[in-house]
Structures are given as structure tokens and as C-alpha cells.
Amino acid sequence: MKIEGVILPTRGHNASWNLEVSDGIIRTMEPVTHQHADAAATPSLLLPALCHPHIHLDKPYILTCNHGTSPDHPDYSDLAPRTGSFGEALSNTSKAKERYTAEDLYLRGSQLLATGHRQGVTSLRAFVELDHVTGIQPLTTAIKLKDDFSHLVEIQICAFAQDPIFSTQHGEENRAMISAALADYSAHISALGTTPYVEDSVDASLRNIEWAVATAIHHDLHLDFHLDYNLTAPDTTKPQTYSVIDALERQEWADKANRSNTIVIGHCTQLSNLAAADLANLADRIKSSKLPVFFVGLPTSDLFMMGRPDPSSPQHRPHHRPRGTLHVPSLIKDYSMSACLGVNNVGNAFTPYGTGDPLQLASWGVGIYQAGTVEDAQLLFSCVSWGARRAIGLEVTSDNGDIKVGDRWQAMLRVENEQCWSLEGRSGRAMDVPARQRMSFRDVVWDPPDVHLRSIIR
Ligand SMILES: [Zn+2]
């Protein structure tokens with residue numbers, strides 16, 4: 001394969017590169033100095049491809065699918081948010097789950113994967129729920145989707161307990177369901193995920209964590225928690241992130257688990273309330289444990305769910321809405337923790353909006369995190385690309401998005417530059433407006449290109 005005349009953002013925009021790839025290895029890379037004046041448009045950019053480290057494959061587009069009423073494709077239109085509260089989202093999603101059909105799960109899942117492919121996603125961790133309501137249908141559908149899309153996107157299936165597994169009347173049944181699935185479909189499952197905060201007591205949450213750690217080690221799986229999804233002051237309720245690290249150490253994850261398996265902790269909005277010293281202590285604790293712990297910030301969901309004003313409070317300030325999301329760039333830059341960014345949900349009660357575009361997510365990160373430097377832009381890009389891949393235990397080519405001769409070729413994202421936009425002029429003749437050119441990570445994060453300018457080179 002020959003790739004000609006592309007800008008590699010890690011190597012500046014004054015040269016374009018010709019690459020040759022054979023047998024899956026980059027054989028040659030030659031710079032070609034180009035003159036902007038000669039070129040109709042700047043060469044296209046060649047970027048590391050995008051990755052969803054955390055996305056729910058069974059519940060996208062519940063609110064936006066606009067299905068009619070048919071036995072195969074249920075109507076969900078009565079489940080749109082009214083208050084937008086967390087309780088309502090959980091309850092409406094439970095109602096939606098009762099209506100799932102194999103056809104509906106496949107259609108919405110394939111729409112999510114096709115959208116990701118158009119946006120430049122080549123790998124993802126897909127969460128599928130297993131409980132007494134869904135049964136194994138989301139899992140068997142995910143296995144079919146993984147197979148049908150295997151030439152386009154690398155899919156890690158995460159068997160996920162969204163519901164309680166150690167409390168409530170269905171806890172035991174839910175746990176039995178996921179345990180059976182882990183045994184019966186082990187060849188297809190890469191990760192185990194649970195949600196300790198949905199248990200009805202602290203004790204049950206801790207049992208959930210202990211069980212998840214033991215079960216992931218037993219089945220040789222990556223581990224993934226939805227955790228600390230609140231903004232409670234840490235001195236009122238201790239974040240359970242500490243309990244996860246305790247459990248991993250107690251059960252000797254570092255010695256017993258497969259070295260390539262990672263632990264990802266998602267949401268963790270409560271950690272945004274930690275004082276500087278506590279953040280530093282947490283970072284030290286993780287570092288000294290030598291555990292492969294990664295945080296994934298899910299800001300589009302967190303911003304919708306967290307930080308809502310409380311009208312019953314005497315200090316009620318209706319317009320005071322803290323961001324209430326993990327500060328991913330600072331965790332990486334200031335505390336040397338490992339973290340990345342995920343979309344989580346699209347078009348459902350937890351996150352009714354968005355396109356699921358990782359580049360759009362990185363772009364929103366500029367405002368959400370007040371991260372506006374050129375270096376921040378590259379960091380935000382890494383969080384939806386190679387940083388996300390590393391978090392879910394996938395191979396990465398380099399630490400900074402660079403490629404070099406001898407590297408194994410990994411599918412990459414090409415972003416084209418347009419020469420101009422042709423509009424209708426006042427005189428009726430065409431009026432050409434030169435298009436702004438994208439030449440760096442900064443240019444695609446600050447101003448994400450339309451999907452029609454993006455393509456994957458395999
Ligand atoms: Zn999630």
C-alpha cells in the first residue's frame with residue numbers, strides 16, 4: 001500500500017509524507033517539502049484513528065430512533081425525559097429494556113457502529129447489559145454485530161451489570177445471569193463491568209466490587225466500573241474508588257491477573273470534589289500499587305446528570321450548575337494519572353443529545369475543562385484516540401501519535417482539506433471562498449471536520 005502526500009501532525013505541517021506499507025509494516029517514509037502556493041489545497045492529515053473506550057451498544061437512540069409500532073421495532077416515544085433526573089433515567093431505561101427485541105437491538109447497534117465508522121472510530125469497548133429483564137439478548141446481538149463489523153471496527157464486548165447484583169429482590173437472579181453468560185460466552189467477552197452505586201447499601205456496593213475483581217481475575221477479563229457517580233463531599237461519603245484499589249490489592253490483581261488486562265473506572269464525578277492533597281494522595285496510591293488503573297471521563301453524560309440545583313435547599317441557586325465531571329486533562333498533566341474520554345451514551349435518557357463523535361467530544365473538552373492551549377488540544381485528541389486504546393488494553397503505536405519506519409501498521413484516520421467552498425454569488429456566478437486548512441491536532445480538535453472529510457486507511 002502506498003499513501004502519498006499526507007501531513008503527519010507530530011512532524012509539523014511544512015512537509016508532507018509518502019509512506020509505503022507492506023505485510024502490515026511501515027517500510028518507508030519520505031518527506032516531500034511542499035509549497036503552499038503550488039498546492040490547490042493543503043495535503044490531507046493522517047491521524048491516529050479514534051476509539052470509544054466506553055460506549056453502550058444496546059441502548060443508543062432509544063429516544064431518537066423514531067420507530068413506529070411494530071413487533072420487531074418497539075416504540076419508545078413515551079420514555080422521553082420529563083424531569084431529566086437520574087432516577088427517571090434509570091426507571092425509563094428499565095422500561096425500554098422490557099421492550100427490546102433482537103431486531104431492534106441489532107438495528108440501533110448497527111447504526112451506532114456505522115456512525116462511529118464514518119466518524120473515524122476503529123476500536124471500541126461495547127457495554128451490553130445482562131440482567132433478569134434483558135436476559136442474554138443484548139449479548140448475543142452484540143456477538144453478531146462484532147462479527148458483522150469485524151472488518152471495520154475492533155469491538156471488545158463488556159458484559160455489564162447495570163443493575164444490582166448483591167441487593168434488591170432481583171440481585172441474585174441478575175448475578176446468576178451474568179455469571180452464566182461469562183461461562184457460556186467466554187470466547188466473545190473481553191471485559192466485565194459492574195455498577196456498584198446502584199446497590200441499595202454500602203455493604204452491597206463493596207460486595208459488588210469484591211465479586212467483580214474476583215470474577216475478572218477468574219475469567220481473565222478486563223475490569224470496568226461505573227463508579228462514584230455523585231457530587232457528595234468526599235468527607236461525607238468516601239469515594240469507592242479507594243475501595244476498588246483496596247480490593248484489587250487484597251485480591252493481588254497485580255500478580256494474579258493477566259498483565260495485558262486493565263482496570264477502567266468511569267464517571268467518578270465525586271473525585272472532582274477532592275482537595276489537591278487528596279488528589280495527589282490518590283495518584284500516589286495508584287502509582288505505588290502498580291495497578292493498571294485508568295479513569296474514563298464521560299462528560300456529556302455527567303454534565304447532563306450532575307450538578308443540578310436543589311430547590312429545597314435554603315441556599316438554592318437555580319443557575320448554579322457545577323460541571324461535576326472528572327477533570328481528565330488535569331488528572332493526566334498535574335497528577336500523572338492515566339485517563340481518557342468516552343461518549344458513554346447517545347440518544348437515551350442518560351444522554352439524550354449528541355452524535356457520539358469522539359472528535360466533537362474532544363472539542364467540547366476545550367470548554368468543559370478550560371483547556372485551550374495547543375498542547376491541551378493534542379492531549380484531548382489523545383484522550384479519544386491512542387490514550388483511549390491504551391485504557392482498554394489495545395495496542396498503541398506510540399505515546400504521542402507518531403509513526404515511524406518498522407512500526408506495525410494500524411488503521412489511521414485521513415482528514416481531507418477542501419480547496420474552497422463554492423457559493424452562489426450576487427451576480428449569479430459562483431463565488432469561491434477559500435476553505436480554512438487543517439494542519440495539526442489543534443485544527444481538528446478546535447474545529448472538528450465534517451464526517452464527509454474523514455476516511456479510514458487500513
Ligand atoms: Zn456507561
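No experiment lies behind these values; they were computed from the predicted model shown. (Residues numbered from 1 in each chain as written. Predicted model: local features only at pLDDT ≥ 70, side-chain atom pairs only at ≥ 80, totals over all residues. Heavy atoms only, no water.)

A. Molecular detail of helix 2 (residues 102-119). Here helix 2 contains 18 residues, and its C-alpha end-to-end distance of 26 Å stays within 8% of the 26 Å for a straight helix at 1.5 Å per residue. On its buried face, helix 2 sits against strand 5 (50-56), strand 6 (121-129), helix 3 (137-148), strand 7 (154-161), helix 11 (358-368) and strand 16 (454-457). Where helix 2 ends, the next residue or the one after it, G120, has phi of about 110°, a positive value. (Helix = DSSP H or I, 4+ residues; strand = E, 2+ residues; numbered from the N terminus. Expected span 1.5 Å × (residues − 1). Contact = heavy atoms within 4.5 Å.)

B. Focus on the domain arrangement of the protein. Looking at the protein, the domain boundaries give domain 1 (2-48 + 400-457) and domain 2 (50-391). The C-alpha centroid of domain 2 is placed 33 Å from the C-alpha centroid of domain 1. In this assembly, 18 residues from domain 1 lie in contact with 23 residues from domain 2. Together domain 1 and domain 2 conceal approximately 1,700 Å² of surface at their shared face, both sides included; 68% is due to carbon and sulfur atoms. Ranking the residues of domain 1 by area buried against domain 2 places V445, W446 and R454 at the top, with a combined share of 32%. There are one salt bridge connecting domain 1 and domain 2. (Domains from an automatic or database assignment. Buried area = accessible area lost by both parts, 1.4 Å probe. Salt bridge = Lys/Arg side-chain N within 4 Å of Asp/Glu carboxyl O.)

C. View of the environment of G116. With respect to the helices and strands, the residue G116 is situated in helix 2. Of the residues examined, G116 reaches a relative accessible area of 4% and is grouped as buried. Spatially, the C-alpha atoms of G116 and V451 are 9.9 Å apart, while their sequence positions differ by 335 residues. (Buried < 20%, exposed > 50% of the residue type's maximum accessible area, 1.4 Å probe, protein only.)

D. Structural view of the pairing of strand 3 (residues 25-33). Inspection of the sheet shows strand 2 (residues 15-22) paired to strand 3 by eight bridges, in the antiparallel sense. Its bridge partner being in strand 3, A15 is matched across the sheet by T33. Where strand 2 folds back on strand 3, the antiparallel hairpin that results is connected by two residues, among which D23 adopts a positive phi of roughly 50°. (Pairing = 2+ DSSP bridges.)

E. Highlighting the packing of aromatic side chains. Summed over all chains, the structure comprises nine aromatic pairs. Between the aromatic rings of F127 and F160, the centroid separation amounts to 5.3 Å while the plane-to-plane angle is 90°, which identifies the pairing as edge-to-face. Of this pair, F127 sits in strand 6 while F160 sits in strand 7, and the two are 33 residues apart along the sequence. Side by side, F127 and F160 carry an identical accessibility label, which is buried. Here Y353 and W364 contribute two aromatic rings whose centre-to-centre distance is 6.1 Å and whose plane-to-plane angle is 50°, an arrangement assigned as tilted. (Phe/Tyr/Trp six-rings, centres within 6.5 Å; stacked < 30°, edge-to-face > 60°.)

F. Seen up close, the packing of helix 2 against helix 3. Between helix 2 and helix 3, whose axes approach to 9 Å, the crossing angle comes to 45°. Between helix 2 and helix 3, the crossing angle belongs to the class labelled oblique. The hand of the helix 2/helix 3 crossing is right-handed. For the pair helix 2 and helix 3, the contacting residues are A102, L105, Y106, G109, S110 and L113 in the first and Q137, P138, T141, K144, L145 and D148 in the second. Of the residues that constitute the contact of helix 2 with helix 3, the class distribution is six nonpolar, four polar and two charged. (Axes fitted to C-alpha atoms, helices over the stretch in contact; angles between N-to-C directions. Parallel < 35°, antiparallel > 145°, perpendicular 65-115°, else oblique. Left-handed = near helix turned anticlockwise from the far one by under 90°. Nonpolar A, V, L, I, M, F, W, Y, C, P; charged D, E, K, R; others polar.)

G. Geometry of the nonpolar core. Counting residues in hydrophobic clusters, the biggest one holds 96 residues, and the most contacted among them are W253 and F295. Looking at this core, the element that brings in the most residues is helix 5 (residues 202-219), giving seven residues. Both of domain 1 (2-48 + 400-457) and domain 2 (50-391) provide at least three residues apiece to this core. Non-local contacts of W253, meaning those with residues more than four positions away in its chain, are made with V213, A216, I217, L221, L223, L248, N261, T262, I263, L291 and P292. Listed in part, the 14 residues of the second largest apolar core include L19, V21, M29 and M412. (Core = buried A, V, L, I, M, F, W, Y, C linked by side-chain atoms within 4.5 Å.)

H. Quick look at the coordination of the zinc ion. Here the zinc ion is held by H54 (NE2), H56 (NE2), H226 (NE2) and N344 (OD1), and the distances to it run 2.1 to 2.2 Å. Each of the four donor atoms around the zinc ion contributes to a set of angles spanning 85 to 165°, which defines the coordination as irregular. One chain supplies every donor to the zinc ion, and in sequence these donors are spaced H-x1-H-x169-H-x117-N. The exposure classification of H54 matches that of H56, with both residues buried. (Donors = N, O, S within 2.8 Å, 3.2 Å for Na, K, Ca; no water. Tetrahedral: all angles 85-135°; square planar, octahedral: opposite > 155°, others 65-115°.)

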